[in-house]
Amino acid sequence: MTGHGRSGGHPPPPGVADERDPAPVDPAVAEEFLRQVHAETDPGTTLTDRLRQVRAEIDRTGTWTQTTHELVFGARIAWRNSARCIGRLYWQSLQVRDLRHLHDPADVAQESVGHLRAATRGGKIRSTMTVFAPDAPGRPGPRIRNDQLVRYAGHRAPDGSVVGDPGQADFTDHVVGMGWPRPQPAGRFDVLPLLITGPDGRSRLFDVPPDAVHEVPLRHPEHPWFARLGLRWHSVPAISNMPLEIGGVVYPAAPFNGWYLDTEVGARNLADTDRYDLLPEIAKRLGLDTRSVRTMWRDRAMVELVRAVTYSFDADGVTMADHYSESERFLTFLAKEEAAGRRCPADWSWIVPPMSGSQTPVFHRYYDEPDPDLRPAFLEPHGLRPPAAQA
Ligand code: ARG
């Protein structure tokens, strides 16, 4: 997904397993998934044996173990079903790292770092997912509390202002409260530690080594002063707090990444007034008249900020999409889905780019309504804190 729309604030949908005590898998849901894999990937074979096996395993254990083929297929379909993602044309290229045997937070942290390295490839970013242990009755899987593997701290000053990413101020307060040594002096781009909860409900912090965090220093093709602002952004957006559900099995830790779209960084992360809020400063340097909104200084500054982002990623050889090409590709994806006879839900408010929307074709139409029951799927993010232990 690309994250143009509003974020956060949704309660988990009903039916999502309780974090401390995962519910058994509904055999009907497992069966529906097996029929889907079969229909889409090997319609020539028979399914009877596999159905019987899986039913027996659910009867015995309350859950079931997917084959690598089923897991990979499920992960790719979850992406294909993500109504908010404009980048879904490439759903079949998702690389899946099958680490379902890992439960321990230290292992999850180490392989989350491994995920970043495998996905980054010196800037030739590859869409990647790492799947850690699933929830099972009596044994919840691990959870990554960070919303992405790489995020910049938001350091709250006594006067309420924030140095860094205000979107991460609550998370930053939380990890500082747990003992994370806040960098001194507090910087605008300090990478946060990973906060990981184990099957026992205990959470631990792990640093992300700097050499695993690929970043792009931002500069502008025409304005030398831009580089002196000292702005940067990380190369890989890796969502880490959305559980993956396949065939009734929930994988609470299944971080996944694509590559950035120009506007995510330039028109949202660095521009939103409740994020880095950089447009006033950039407008001032551009010499724009900021006294009236009617000079459109915000619009003009935003264009130059997004240009700087795209220019810098391109110059450093880091994969980045632009909102024009990606909109075209999204329509190609929709046409393919339609040709395959599938419904393809999309959320207009997330698909349409946050700048110049009407200049892209995705603006000028409507889409199938998002369907909360579509599976496999990524579920609503789990919260920052594990639920309090029961008294
Ligand atoms: N919008 C989020 C961010 O700016 C990233 C969401 C995922 N984006 C993507 N291109 N896969 O960090």
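Preceding this section is the structure that the text describes.
Calculation criteria
- Residues numbered from 1 in each chain as written.
- Predicted model: local features only at pLDDT ≥ 70, side-chain atom pairs only at ≥ 80, totals over all residues.
- Heavy atoms only, no water.
- Phe/Tyr/Trp six-rings, centres within 6.5 Å; stacked < 30°, edge-to-face > 60°.
- Buried < 20%, exposed > 50% of the residue type's maximum accessible area, 1.4 Å probe, protein only.
- Helix = DSSP H or I, 4+ residues; strand = E, 2+ residues; numbered from the N terminus.
- Lys NZ or Arg CZ within 6 Å of the ring centre and 35° of its normal.
- Salt bridge = Lys/Arg side-chain N within 4 Å of Asp/Glu carboxyl O.

**Brief notes about the packing of aromatic side chains**
Two measures describe an aromatic ring pair: the distance that separates the ring centres and the angle between the ring planes. Applying the stated criterion across every chain, the model contains twelve aromatic pairs. Geometrically, the ring pair formed by Trp-225 and Phe-226 is tilted, given 5.8 Å between the ring centres and 40 degrees between the ring planes. Note on Trp-225: relative accessible area 16%, which makes it buried. On the numbers, 5.9 Å between centres and 40 degrees between planes, the contact of Phe-330 with Phe-333 is tilted. Note that Phe-330 and Phe-333 are positioned in helix 9 (residues 323-339) at a spacing of three residues, about one turn of the helix. Phe-330 sits in the buried class, given a relative accessible area of 0%. Note on Phe-333: relative accessible area 1%, which makes it buried. One aromatic cluster in this structure is built from Tyr-152, Phe-189, Trp-233 and Tyr-276. Here the guanidinium or amino end of Arg-80 rests over the ring plane of Trp-91, the centre of that ring lying 4.7 Å away.

**Some remarks on the pattern of salt bridges**
One pass over the full model with this rule turns up 28 salt bridges. The residue Glu-31 makes a salt bridge to Arg-55 at a minimum N-O spacing of 3.5 Å. On the criterion of sequence distance, the pair formed by Glu-31 in helix 1 (residues 27-41) and Arg-55 in helix 2 (residues 48-61) is long-range, its members being 24 residues apart. According to the relative accessible area criterion, Glu-31 is partly exposed, its value standing at 24%. Of the charged contacts, one joins Glu-215 and Arg-232 as a salt bridge, the two residues approaching to 2.9 Å between their closest N and O atoms. Here Glu-215, found in strand 8 (residues 215-217), pairs with Arg-232, found in strand 9 (residues 232-234); they are 17 residues apart in sequence, far enough to count as distant. A cluster of three or more residues bridged by salt bridges with shared partners is formed by Glu-19, Asp-135, Arg-143 and Arg-145.

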